[in-house]
Structures are given as C-alpha cells and as structure tokens.
Amino acid sequence: MKRATIIRLLVFAAAWLAVAGVATGGPVVPAWSLLPQPAKTQPDGGIAVVIDGNAAIAVRGADGPQVRAMVERFAQRVNAIRGLRLHVAKADDTNAVINFEVDPRADVVGDAGYRIVVGDRRIAVSARTPEGAFYGGVTLWQLLTPPGWTRGEPAVVASGVIDDHPRFAWRALLLDSGRHFQSVADIKRLIDWMSLDKLNVLLWHLTEDQGWRLEIPKYPELTKIGACRKAVGLDIELTGSPDKPYCGFYTEAEIHDVVKYAAARFVTIVPGIDLPGHSQAAVASYPWLGVTGQRPEVWTDWGISPWLLKPDARTLRFVDDVLDEVMRLFPSKYISIGGDEADKQQWNASPEVQAQMHRLGLANMDQLQGWFTQQVADHLVKRGRIPVGWDDELVAGATLPASEVVMSWHGNDDGRVALTAVRQAHDVVMTPQESLYFDHYQSDLPDEWPGQPPPVTLRQAYDTAVVPPGASAAEARRIIGVQACLWSELLTDFARVQHALFPRIAALAELGWSPAGTRDWDGFLARMPAELARYRALGIDYADGAFAPAFDVGAGPDGALRVALSNQTGYGDIRYTSDGSAPTLESTKYVQPLEFPARDKLLLRAAAFAPDGIALSAPRTQLLDAGTLLGRDGSRLATCSGNPGMRLAGNRPVRGMRPVYSVDVGNMCWRWQHAPLDGARRVRLTVGRVAWRFGDEARDAVVRPKASVAGEFQIHADSCKGPLLANLPLAPAVGATGRTTLEADLGTVPGAGAHDLCIFATGDPRDGQWVLARIAFSK
C-alpha cells in the first residue's frame, strides 16, 4: 500500500474515532458555522458524518436533470476549494453518503425551503423544488467548510437537523454598469458569489447619464453614441489615453448568456432602465428625446443631470420600444423603471412642457412625472410585467402608479417614506442609503479604499431596520425584500466592486434570509471567521476594515508616546509587534494602552485574530518616533464644513500604492484640532489634485481668492480667518501627475500650547480640486 494512501486512511480513522466519542489526538467535531443563519437548527450530539475524498452523491426525485446539473456544480466547487473529490452517482446508489431529493410533497416551507438531516453515516438534503435543493446545497457547502478546515482532509459534520427557508422573496444586489462597465466574466463571478450568500435578485442598472449599456436594434445610436463618453480623470487610466473614449455595452448574446447563467443559480436578473432622469446618454444619442432639442455630450460628471426625457407621445413610443426589447431579453416579471433624482429645471423652463402640464390638468412637475411614469407602468402591466421604481416622488408628496413596487432608499426618519408606500398599498423593497449603499466606504482607517461618504459599517448594514417602526403586521407583509446598492462612480474596476461588497454582503444575506428572531450581532461576528475563510478560498478580495486595528497615538507621561489599539467591531484579539515583524498568533496580545519612548524609532505592527486563531485582518503599521505627533494624514483631518469627506483615488504612481484622499467636494479646507505647535519651525504639505467630476455639486463650491496665478495653500491658527502661519505657493504642483511636497517656514504662533489649525487651498475647486495627503511640522 502506498504511503499517501496509508496517511489518508489514518486521518480518516482518527476523524471517525473523534466524532464517535473515542479519545484521540485527532480532530474534534466542529460546530456548525452557517451564514445566513438558518431558520431552525437542531444539533443533536449524535455520531457525526465524515465525508472523505471519494464520497458519492445521489440525486433522486423530481426534476432530475436540472438538480443533477446543480449538484455536479456543487461537487466541482467542493473539489476545487475543499479538495474532496466528490462524485455524482446513480440515483439508486445505496452507498451514496450525500443524497439530494426533490419531492413536491417534502415537509419544508415554501419552494425555496429545504431540510438537511445529518446522521446515520449520511447527509440527506430534501426540498420541494430544485431551488430549495440549491439552497440546501449552499448550506451543505458551508457544513463542509467549517472553522479551521484544511484542504484535502476529510470533512467532519456534526449530527442534527436543519430546517430552513427565506424570510423575504427579494434578496437583492443592485449593480451599476452605467457609470462604470463590468465584463460579462466578472458579472458571472458576482452571480456565483451572490448565490452562495442566498441572494436571488441582481438588479442590473443598465442606463445612466454616463452611459447606455444595452443594445437596442431599433435605436442603434444608443450604443453607437450613448455607450461612449470622453475619458476624464481616472477614466484616462482605464482607456490608456485622454483621446480614447470610455465605452462599453452588452450585446443581445451577452444578455442571454448572463440571464441563463444566473437562472441556473436561481438568481433573477431584473433590468434597470432609468426614466425620465439619468437619461443624458439617451438624449445625447437622440436629441429629440430631450426638451431643448440640443445634443449634450454623454456626461462625464457624477451627480444629478438636468437632461430629462421629454414627456411627450414620441418619447413614450421610444420608451415602449425599448421596454419591448427589454422584455424580450429578460424573462423577469419585474422591470425597474427608475424615477429617481429627476431635476426638472429644463421641464420648468420649457413653455411646451408647461403647456402640456396644464393641458393634462396637473398642478406641478412632480405630478407630470407621475403621469409619465403611469404611462410607462401601464405598458408593462398590459404585458404581464410588474414595474419597480424609486421612492422619490413619494418624498415629493406625489403618488406612484398603484402597480409599482417601490424601492425605498430614503431611510431617514425611521423609514417614514417606506411606511407611506405600504400604506398606499405598494409592495416595498427596503434599500436605505444610510446602511445599504455599499459604494460608501466601510471604515475611517487611513488605508480605506475610495468611497462615498458617510461610512457604512458592517454593523450599520447588519442593524438595518427592514420593517419600518410603526408598521402593523399587515403593513409589514408589504415589505417583500431588502436590497444593497453598488453605485459605480468610484468603483472603477472589479477589485473595487469586491472590496465594497464583501464582507457587508454577509450582513445583507442575513437581513434577507434569516428570521428576525434568529438575528444576533454577536452570533453573526462569531460566524464571520469561517465565512471570511470561504471568501479567501473563493478568491474574493474582501475588505478587512471591520476587524483591522486602528492606532490612536497621543502624548504620554515624560514625553512618551501612548498608543491605544482598537478595531471597529471590537471582535477578536489584537496582537502586535514592535520590531517591524508581522504579528502572529504567538505575538503579544493587546490588553491596555502601550507606551514607548518618543526618542526611539520603531515600527509598531498589529493584526486581529479570531478566538480560534484565524486571522481577521492584514497587519497594519504605525511608525513611532519624535515626529509622530507633529504630523497627520489628510484622512485624519476634519473637514471645515463638518461633513464627512469623500474618499477619492489619485493618479496611479510609477511605484507603490495608489493614493486615496479624504475630500470635502467643493470645499478645499481641512481642520486639525489641537495641533501640537510648541517649538515647530517648518511645515511640509504633501498635496495632489483630482479632476472635477461632481456635476450638480458645482453650485455649492467654495471659491477662495488666490494671491498668485497658481494659488496657494494657507495655514491659519485658531480659525480660517485667524493668524496666517504659512503660505505655500502651488506653482510647483501645477501640472504634476502625482503628489507634490511643499515646504515653508512657520510664522509666529500666537501663544504656547496646542492650536486648532485651518488649512485650505485657494482658487476654484471646479478647475481641479486640490487634496491634502499629509501635513507635518518639524522643529
């Protein structure tokens, strides 16, 4: 017998003895670590089941070919990730260790429900439908990847019963392909990962001011003109040249491919066609769709464009034609028609539109939008589809078509708008921007990736109120689901999509699937290490900001530096080193603030570990020396307005990481509270510049008078009109593609001790917004 075979048999025997209760030095039975938390779990303490690399899977019951194909994909994933070569056997194979059975009379809840029974040396998955069997397979995949699993070793699954079904029918993610385009291959990867979190709707946002992404044969200019925009800002890096436009659209064949791929994983693709706003790319393609008759460029800015569709009969024929093609391509019963952020300044300025509004007997432009939306909704309803749209018109006090499902993104005031919608007999999908807009950044760490403000943490996502307070039981039944949104202004590539989505998708999954009574934040955190390990095994580049250590450095006694360590969730142990080496499970555990002599130069590194030893974050680093308290990164400075800063990426350097800046859009001003200036003689600023792409934010831009052609950074003590401490001309930075260092002597500081500082750049941010990477004083 070969040595490798003997070793496998010994490992298998040790695992079996351990789960049978025989004392050995081998593995123990891992507890179930499932996410989303199932509706009901009943571990029974019986003899566990051991799945080795030769286990057979049998498929029995109804819908055999569909279920067999699904199970074969399950086996392939287990083989590729877990290293166990499961094989699908014949239905009558009595030696099969894993059995999938679909029976329309199965004792489970609903078409998506399933039951898993682990015991008697077998694992049985039963469901009424292939969909339920699929979700049972997802849970079984998690049973085979418990905390601490090792590739290639037998899986030990604790005995018991799992009865499970989803809380909501709509468990969704919105992907914005209008502002930045994703490849079909990347969208398929996203669908795979969604399905493993039991999400079942991908709302595919296909039209925007910045790009029309769907091929419509009757209107070829939509993709010939509307799918391309001038390369501006970081888009230049994506195209390779400012002379090469940023383009992309999906062909009919690609749409069919994605829809079919998603359906095999029980994900419905709901197409999103935004009307009448977010339509500048359509008007650029066919100017008669707009009010002015002029042809705008496909927009290169972000924000809210005033280029609405003209609410007349010709435009409605165009919309009907587009929706007919959309319905041909997408079998989903739901079609999203937008309705959000319709800036009506062009409608208000148009005598023709004003006349139409009065002719229809309407009181204002919000009612006119309601009329337009009603025509669109009626076209869909007559063809057996259900319109889906945003809640903006309810916010404005208008009404929406009775047939429309409302996506409620205004989550302020305890979900007042969502409650209004359900009381008007609308079904509602909860997607509050305050906690489920995942394009918002996730932490305040200095290395956090680009994102919209304010931050949306893992805890905020998990704590989303899916049912508005005050809703009756009947009203609560109108809440049909929950949805996170990935708007892609700052998600320029698929790496950023992954970083923005994971691990917050785990919170979304539990919101959508798990019964309200089973949800528990501490339990969720305890299940996250196993989930993070699965992400790593699947090749998902997730964000670790919820667990990564943050350094709070202050002055200690006798000139020492005092360092407090923490992480966002408060979960896990933080371990650190002070010699620059990477922390391990054997490194010193952080228990209280640390003190180090400021005269010594050292590199403090810290990382978080789960109770079972699994690393929760990559190490973070803090340099400690005599200058530590005299400098501060721009991300740690407050904005002068008090608003949280947007995190914007700078140009990619020749070497090293791409910089990310914290920016108050339209206001190039920062505050450093209690800056230690005693003995400071010089100041050094590291600055950069980002392209202005902020559309409607232009009206709120703060312009400060320049003392020179290029402008300057100024530092004032105590207030922005206080004593001038330094004036740093920006001439050396004009035209630079990366960061520039500016230095100056420091003027007379008014009095001893710490001072609040105001640091601002002069000039007009709309000409290019100056950003501050770092400020440092020297003695």
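Residues numbered from 1 in each chain as written. Predicted model: local features only at pLDDT ≥ 70, side-chain atom pairs only at ≥ 80, totals over all residues. Heavy atoms only, no water.

K.L.:
Quick rundown of the overall build of the protein chain? Include the residues and the values.
P.N.:
Summing up its helical and strand segments, the protein chain has 20 helices and 39 strands in all. Taking 2.2 N^0.38 as the reference for a compact globule, 779 residues should give roughly 28 Å; the C-alpha atoms of the protein chain span a radius of gyration of 29 Å, in line with that estimate. Expressed as a percentage of its 779 residues, the buried residues of the protein chain come to 56%. Taking all contacts inside the protein chain whose residues are at least 6 apart in sequence as the whole, residues at least 24 apart take part in 74%. A total of about 31300 Å² of accessible surface is found on the protein chain, and carbon and sulfur atoms cover 51% of it. Of the side chains in the protein chain, 80 bear a positive and 87 a negative charge, and the two mean positions are spaced by 4 Å. (Helix = DSSP H or I, 4+ residues; strand = E, 2+ residues; numbered from the N terminus. Rg over C-alpha atoms; globule rule 2.2 N^0.38 Å. Buried < 20%, exposed > 50% of the residue type's maximum accessible area, 1.4 Å probe, protein only. Contact = heavy atoms within 4.5 Å. Areas by Shrake-Rupley, 256 points an atom, 1.4 Å probe, with all protein chains shown as cover. Lys, Arg positive; Asp, Glu negative; His and termini not counted. Charge placed at Lys NZ, Arg CZ, Asp CG, Glu CD.)

K.L.:
Residue-level account of the state of the cysteines, with values.
P.N.:
Here, the word disulfide means a covalent bond between the sulfur atoms of two cysteines. Counting across every chain of the model gives three disulfides. Here C640 pairs with C669 through a disulfide, and the sulfurs are 2.0 Å apart. For the disulfide bridge between C640 and C669, the dihedral angle about the S-S bond is near -65°, and by the sign convention the bridge is left-handed. Taken together, the residues C640 in the loop between β30 (638–639) and β31 (646–649) and C669 in strand β33 (residues 669–676) connect sequence positions 29 residues apart. (Disulfide = S-S within 2.5 Å.)

K.L.:
Break down unusual backbone geometry for me, citing the residues and quoting the values.
P.N.:
Put simply, L35 and P36 share a cis peptide bond, and its omega is 5°. Tracing the backbone through its elements, the reader meets P36 in the loop between α1 (3–19) and β1 (40–43). With an omega of -10°, the peptide bond running from P453 to P454 counts as cis. In this structure, D414 is a non-glycine residue whose phi angle is positive, near 55°. Within the secondary structure, D414 is located in helix α14 (residues 412–423). Overall, D414 belongs to the exposed group, its relative accessible area being 57%. If you check the backbone angles, D558 has positive phi at about 55° while not being a glycine.

K.L.:
So what's going on with the confidence of the model for the protein chain? Which residues, and what values?
P.N.:
On average, residues of the protein chain carry a pLDDT of 94, and 97% of them reach 70 or more. Confidence drops under a pLDDT of 50 for residues 1–27, and excluding neighbours within four residues, the segment shows 23 contacts in the predicted structure. (pLDDT = per-residue confidence, 0-100.)

K.L.:
Could you give me a rundown of the pairing of strand β3 (residues 56–61), with the residues and numbers involved?
P.N.:
Bridge analysis of β3 against strand β4 (residues 87–88) gives two bridges, and the strand direction is parallel. Looking across to β4, one finds that A56 is bridged to H87. Each parallel crossover has a hand, and the one from β3 via helix α2 (residues 64–82) to β4 is right-handed. Bridge analysis of β3 against strand β5 (residues 98–102) gives five bridges, and the strand direction is parallel. (Pairing = 2+ DSSP bridges. Right-handed = clockwise from strand over helix to strand, strands pointing away.)

K.L.:
Report on the side chain of T145, specifying residues and quantitative values.
P.N.:
Secondary-structure assignment places T145 in the loop between α3 (130–143) and β8 (155–157). Among the polar contacts listed, one links the side chain of T145 to the side chain of R534, at a separation of 2.8 Å. In contact with T145, other than residues within four places in its own chain, are R82, A530 and R534. (Polar contact = N/O pair within 3.5 Å; in protein donor to acceptor, adjacent residues only side chain to side chain.)

K.L.:
Just give me the short version of the side chain of R534, but keep the residues and values in it.
P.N.:
Mapping R534 onto the fold places it in helix α20 (residues 521–538). Among residues more than four places away in sequence, those in contact with R534 are S33, W141, Q142, T145 and P146.

K.L.:
Which residues make up empty space enclosed by the protein, and what values do they have?
P.N.:
Taken as a whole, this structure holds five cavities of 30 Å³ or more when the rule is applied. In this structure, the largest cavity spans a volume of roughly 80 Å³. Taken together, 13 residues form the lining of the largest cavity, with W449, P450, R496, H499 and A500 sitting closest to its centre. By residue class, the composition of the lining of the largest cavity is six nonpolar, three polar and four charged. Of the voids in this model, the second largest cavity is the one considered here, and its volume is about 60 Å³. Forming the boundary of the second largest cavity are W141, Q142, W193, L196, D197, E531, R534, Y535, L538 and I540. Listing elements by their share of the lining of the second largest cavity, those giving two or more residues are α3, α4 (184–196) and α20. Broken down by element, the lining of the second largest cavity gets its largest block of residues, four residues, from α20. Looking at the lining of the second largest cavity residue by residue, the classes come out as six nonpolar, one polar and three charged. (1 Å grid on protein atoms, 1.4 Å probe; cavity = no way out; pocket = protein on both sides within 12 Å on 5 of 7 lines; lining within 4 Å. Points joined across faces, edges and corners; volume = space filled by probe spheres on them. Nonpolar A, V, L, I, M, F, W, Y, C, P; charged D, E, K, R; others polar.)

K.L.:
Summarise the pattern of salt bridges; cite the residues concerned and give the values.
P.N.:
Taken as a whole and judged by the stated rule, the model has 38 salt bridges. Where D186 meets R189, a salt bridge forms, and the shortest distance between an N and an O atom there is 3.2 Å. Of this pair, D186 and R189 both sit in helix α4, three residues apart, which is roughly one turn of that helix. In this structure R189 comes out as partly exposed when scored by relative accessible area, which is 33%. In this structure, D544 and R620 form a salt bridge, with 2.6 Å as the shortest nitrogen-oxygen distance. (Salt bridge = Lys/Arg side-chain N within 4 Å of Asp/Glu carboxyl O.)

K.L.:
I'd like a description of the layout of surface pockets, backed by residues and values.
P.N.:
Quantified by volume, the second largest pocket comes out at close to 970 Å³. Around the second largest pocket, the lining is made up of 39 residues, and of these D447, W449, M657, R658 and V660 lie nearest the centre. For the lining of the second largest pocket, the secondary structure elements donating two or more residues are α6 (235–239), α18 (494–501), β31, β32 (660–663) and β39 (769–778). In terms of residue count, the dominant contributor to the lining of the second largest pocket is β32 (three residues). In terms of residue class, the lining of the second largest pocket is built from 17 nonpolar, nine polar and 13 charged.

K.L.:
Run through the nonpolar core, naming residues and quoting values.
P.N.:
Counting residues in hydrophobic clusters, the biggest one holds 98 residues, and the most contacted among them are W212, L214 and F330. The element best represented in this core is helix α9 (residues 313–329), accounting for eight residues. Beyond its immediate sequence surroundings of up to four residues, F330 is in contact with W204, L206, L214, I255, V259, I269, P271 and R385. Grouped together as the second largest cluster of nonpolar side chains are 45 residues, I81, L84, I98 and A158 included. (Core = buried A, V, L, I, M, F, W, Y, C linked by side-chain atoms within 4.5 Å.)

K.L.:
Tell me about the sheet that holds β5, and name the residues and values.
P.N.:
Spatially, the seven strands line up as an open sheet ordered β1-β9-β6-β7-β5-β3-β4, and their pairing is mixed. Whereas interior strands pair on both sides, the edge strands pair on one side only; in this sheet they are β1 and β4. Across four bridges, the pairing between β1 and strand β9 (residues 160–164) is antiparallel. Directly across from P43, in β9, lies its bridge partner G160. Sitting on the sheet, α2 touches β3, β4 and β5, and the angle it makes with β3 is about 160°. Against the sheet, α3 engages β5, β6 (114–119), β7 (122–127) and β9, with an angle of about 40° to β6. (Axes fitted to C-alpha atoms, helices over the stretch in contact; angles between N-to-C directions.)

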